[in-house]
Amino acid sequence: MAAKLRLGILTSGGDCAGLNAAIRAVVCRAIRTYGWQVIGIRDGSLGLLNRPLDYEEFDLRLFSGSILRMGGTLLGTTNRGDPFSYPMPDGGKADKSQDFIEGYRQLGLDALVVIGGDGSMRIMHRLCRQGGIPMVGIPKTIDNDVAGTDAAIGFSTAVNVAVDALDRLQPTAASHHRIMILEVMGRDAGHIALHAGIAGGADVILLPEISYTLSGVVDKLGEVMAGGRNHALVVVAEGVRNAAGEKQSGIGHWLGGQVGPRFKAETRVTVLGHVQRGGVPSPRDRIVASAFGVRAVDMVAEGRFDRMVAWRGGELAEVPLDDVVGINRGIDPAGALVATARSLGIYLGETG
Ligand code: F6P
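Quick look at the structure, then. Note that the structure is predicted; figures quoted are calculated from it, not measured.

Things to note about the overall build of the protein
(1) Moving on: Along the protein, the regular secondary structure elements total 10 helices and 13 strands.
(2) Moving on: The C-alpha atoms of the protein give a radius of gyration of 22 Å, which matches the 20 Å a tight globule of 352 residues would have.
(3) Moving on: For the protein, the spread of C-alpha atoms along the three principal axes comes to 70 × 45 × 35 Å.
(4) Moving on: A total accessible area of about 14,400 Å² is found for the protein, and carbon and sulfur atoms account for 49% of it.
(5) Moving on: The positive charge centre, built from 36 side chains, and the negative charge centre, built from 37, are 3 Å apart in the protein.

Quick word on the sheet that holds strand 12 (residues 307–312)
(1) Moving on: Across the sheet, 7 strands lie side by side as 3-2-1-6-7-12-13; this open sheet has mixed pairing. In the strand order of this sheet, the two ends are held by strand 3 (55–58) and strand 13 (315–320), each with one partner. Ignoring which end each strand starts from, the neighbouring axes of this sheet average 25 degrees apart.
(2) Moving on: Packed onto the sheet, helix 1 (residues 19–33) meets strand 1 (6–11), strand 2 (37–41), strand 3, strand 6 (111–116) and strand 7 (135–139) and runs at close to 175 degrees relative to strand 1.
(3) Moving on: Running over the sheet, helix 9 (residues 283–301) touches strand 1, strand 6, strand 7, strand 12 and strand 13 and is turned about 140 degrees from strand 12.

So, the site of the ligand
(1) Moving on: In the region of the ligand, the neighbouring residues are Asn-79, Arg-80, Thr-141, Ile-142, Asp-143, Met-185, Gly-186, Arg-187, Glu-238, His-274 and Arg-277.
(2) Moving on: At a separation of 3.4 Å, an oxygen atom of the ligand approaches a polar backbone atom of Gly-186.
(3) Moving on: When the free accessible area of the ligand is taken as 400 Å², the share hidden by the protein chains comes to 79%.
(4) Moving on: Residues that form the shell around the ligand fall into these classes: 2 nonpolar, 4 polar and 5 charged.
(5) Moving on: Of the domains in this structure, domain 1 (6–154 + 281–312) and domain 2 (157–276 + 333–343) are the two that each give at least three residues to the shell around the ligand.

Reading guide: rules and limits
Residues numbered from 1 in each chain as written. Predicted model: local features only at pLDDT ≥ 70, side-chain atom pairs only at ≥ 80, totals over all residues. Heavy atoms only, no water. Helix = DSSP H or I, 4+ residues; strand = E, 2+ residues; numbered from the N terminus. Rg over C-alpha atoms; globule rule 2.2 N^0.38 Å. Areas by Shrake-Rupley, 256 points an atom, 1.4 Å probe, with all protein chains shown as cover. Lys, Arg positive; Asp, Glu negative; His and termini not counted. Charge placed at Lys NZ, Arg CZ, Asp CG, Glu CD. Pairing = 2+ DSSP bridges. Axes fitted to C-alpha atoms, helices over the stretch in contact; angles between N-to-C directions. Contact = heavy atoms within 4.5 Å. Near = heavy atom within 4 Å. Polar contact = N/O pair within 3.5 Å; in protein donor to acceptor, adjacent residues only side chain to side chain. Nonpolar A, V, L, I, M, F, W, Y, C, P; charged D, E, K, R; others polar. Domains from an automatic or database assignment.

Below, the structure is given as structure tokens:
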């Protein structure tokens, strides 16, 4: 059995559903199996940057009660606290990486479990290397674009929210003979859009990874209407570019403005936004988070650091952080789900 350790844990980057289930699993495994202390660091990197340090010691009370079911993160988080480029009151940026490392030392920690997305993995991996801090990562992000893992905590719940939105939009679209455009999150990757679009019966799915043309979208919607259906559903990921290939904030509304005037049917746009990040975590997210949390603690116990727990081919796995950072896991345009969508007649952009 590993020596009695003092384990730090933090959540970093944008929140999502399932983070608390992962914290719970880490606390449970570390205390029940190994008899360690678990120190929760508040608000991501800020808990170790602030003076006094901002943290709490967990006990097994965390394991009972409602935590498994709760969205958000009980530890708090930030996606504005990069210690290498820390925002200062005067508007400038400062390197606070040594403050973070000193904070870790002051707490007397032996290792750190970081629950984060691609940006957090990159920053924390660099930081932990610089400070000689043994780190294990747990992937989370509704965008599901962390490299090296098929699943990240939060994705399943976000897809459920988006599908639920489509299930609600379809009847009102049919009642009013409308084209409904649903903008979902996905800054660089279209996983939510592709999964929700297939599950929710979309006619058009636009992804950052596949280029499209306005005429392609219009032709598809025209085909749907000509086929006798009085309504249509379009799903667009927020990271999709406009027709000029530029990043467009509010791509859903932009698309609505382009498509609407070309049809007799009215067009309405729904931007789902942060609704996708909150709410009760899906069973799938709770299961993945629980499995990740337990394995992460075992990795610490066995000294397997600078690695991230992963889900690959339906199994728990581990990947070196060097194979994760700096890589965005987007949709494979030649992959099976894209082929499925195309086979169903969904327009995703031009082939080849
Ligand atoms: O990375 C997850 C994500 O939800 C993206 O899909 C989205 O672009 C971004 O975070 C939103 O970040 P913020 O919470 O800062 O608005």
